Every structure is written in structure tokens, then in C-alpha cells.
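What the coordinates show
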Amino acid sequence: MSSPLKVLAFAGSLRKASFNRKLLAVAAQAAQEEGAEVRLIDLNSYALPIYNGDIEDAGMPENVRKLQDLMREHDALMIVSPEYNGSLTAAVKNTLDWISRPQADGSSGGALFKGKRAVILSASPGAAGGLRGLIVLRDALAKLGLWVAPSQFALGQANEAFSDNGQLKDSKTLERVKGVIREFLNG
Ligand SMILES: Cc1cc2nc3c(=O)[nH]c(=O)nc-3n(C[C@H](O)[C@H](O)[C@H](O)COP(=O)(O)O)c2cc1C
């Protein structure tokens, strides 16, 4: 039997009550049910300044090294993120940019992404569910050398989509999420 795909998963919103954080939990569970090993992280636990070369020159922040270690240890990324003004969030972009900087041994940080898989989902109270942001996020991940699963999922009216226990109320919506996850894991 092949070893399970190790997936590093995070939400692109830092908000505690984030809808994307809820959708992340649903997608992560779906991936686990399909046999993947999922490590859920909260970007609040890896807080970073906005990228600044002077900060890097003064000494790489410890959280960058921790995130680079996590990226090295995983085969794939799952990002569930809102769109901000039709684009990816600063939290996601900043995290990816810091990870792409040179590793502690001087080797390329970008190499940590190359050839790995990614799956992207989004949620928004708006009708389009953050779809425009996924287009930008897909492009950003592809530029880092990741293979991004062709299917993605944007959850509209996210403010009405979840029950109190964090589950998706609509079973058809859950099936769509599961379909995207299956393609990501098996495609
Ligand atoms: C700066 C900013 C820009 C936003 N731009 C968009 C947008 O372009 N499209 C959209 O659907 N929602 C937009 N929103 C609303 C977010 O989708 C909404 O706040 C959502 O709840 C954020 O995700 P979260 O619940 O995971 O924190 C924006 C919110 C902020 C704070």
C-alpha cells in the first residue's frame, strides 16, 4: 500500500469565526476520509511581518523556518481562502513569499513547493463565493511550481451555509467539496 499523501492545510483568513476556516475543516475531514494525512495549521500561530528584506537580512523570523520545515515535511497544500477585492489575501501571499526565501542551509525556499500538489477552495457571503480570488491564488501557486487540482470550489452565501456544529447544511454542497478533494488526491 502506498503511503498516505501528507497535506498541509490552512485558511487564508486570520479571523476566528472565519467561514473559510469552517470550510477548511470540512475539506480536511473529507481528505482524511479519503486516506490523506492532514496537518491543519492556523496562520495566527505563525505570525509574520509583511515581507521586508531588511528583516530577513537581520535574521530570518523563527516562524519562517517553522513554516519551511512544515512545507518540507508535506507533499501537498490545501488552502481555503476568502478573496479580498477579487484577489488573494495578504496573509496567504505573505506566507507563501516568506516560505519561498532561502532555507537555513542556503538552499532554495522555492524548491519546497516544486512538484507538490495543491487544492484551493474559498468561501464568501457573496454569491460568487470568492471565485475571483481562486483564479489569482491558482496562478500564484502555479508560479511556485505546484500542481493545482483543476477542480476547485467556491462557497457562496457562506454566512448561511454552516450549522452550529460547523457542518455544511446542504448535502449536495458537501458532495461537491468531496468531489474536489477526491480529484486532488487521485488526479
Ligand atoms: C478587505 C476586504 C475585501 C473583500 N473583498 C471581497 C471580494 O472581493 N469578494 C467577496 O466575495 N468578498 C469580499 N470581502 C468579504 C469577505 O468575503 C468576507 O469578509 C468573508 O467573511 C471573509 O472570509 P472569512 O469569513 O473566512 O474571514 C472582502 C472583505 C475584506 C475585509
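A brief structural summary. (Residues numbered from 1 in each chain as written. Predicted model: local features only at pLDDT ≥ 70, side-chain atom pairs only at ≥ 80, totals over all residues. Heavy atoms only, no water.)

Judged by nonpolar contacts, the single largest core of 31 residues is most densely connected at L23, M78, L155, V177 and I181. Only β1 (6-11), α1 (19-33), β3 (76-80), β4 (117-123), β6 (153-155) and α6 (171-186) provide two or more residues apiece to this core. Considering each element in turn, this core owes the most residues, eight residues, to α1. Excluding residues that lie within four positions of it along the chain, M78 makes contacts with V7, L8, A9, F10, L24, A27, A28, A31, V119 and I181. The next biggest cluster of nonpolar side chains, apart from the first, holds 30 residues, and it includes A91, L112, L141 and V148. (Core = buried A, V, L, I, M, F, W, Y, C linked by side-chain atoms within 4.5 Å. Buried < 20%, exposed > 50% of the residue type's maximum accessible area, 1.4 Å probe, protein only. Helix = DSSP H or I, 4+ residues; strand = E, 2+ residues; numbered from the N terminus. Contact = heavy atoms within 4.5 Å.)

Turning to the side chain of N63, a few remarks are in order. If you trace the backbone, N63 turns up in helix α3 (residues 62-73). For N63, the residues in contact, after removing those within four places along its chain, are S45, Y46, A47 and L48.

Moving on: the packing of α1 against α6. As a packed pair, α1 and α6 sit with axes 9 Å apart at the nearest point and diverge in direction by 55°. Classified by the interaxial angle, the pair formed by α1 and α6 is oblique. Relative to α6, α1 is oriented so that their crossing is right-handed. Here L23, V26, A27, A30, A31 and E33 of α1 lie close against α6, whose contacting residues are L174, V177, K178, I181 and L185. Per-class residue counts for the contact of α1 with α6 are nine nonpolar, no polar and two charged. (Axes fitted to C-alpha atoms, helices over the stretch in contact; angles between N-to-C directions. Parallel < 35°, antiparallel > 145°, perpendicular 65-115°, else oblique. Left-handed = near helix turned anticlockwise from the far one by under 90°. Nonpolar A, V, L, I, M, F, W, Y, C, P; charged D, E, K, R; others polar.)

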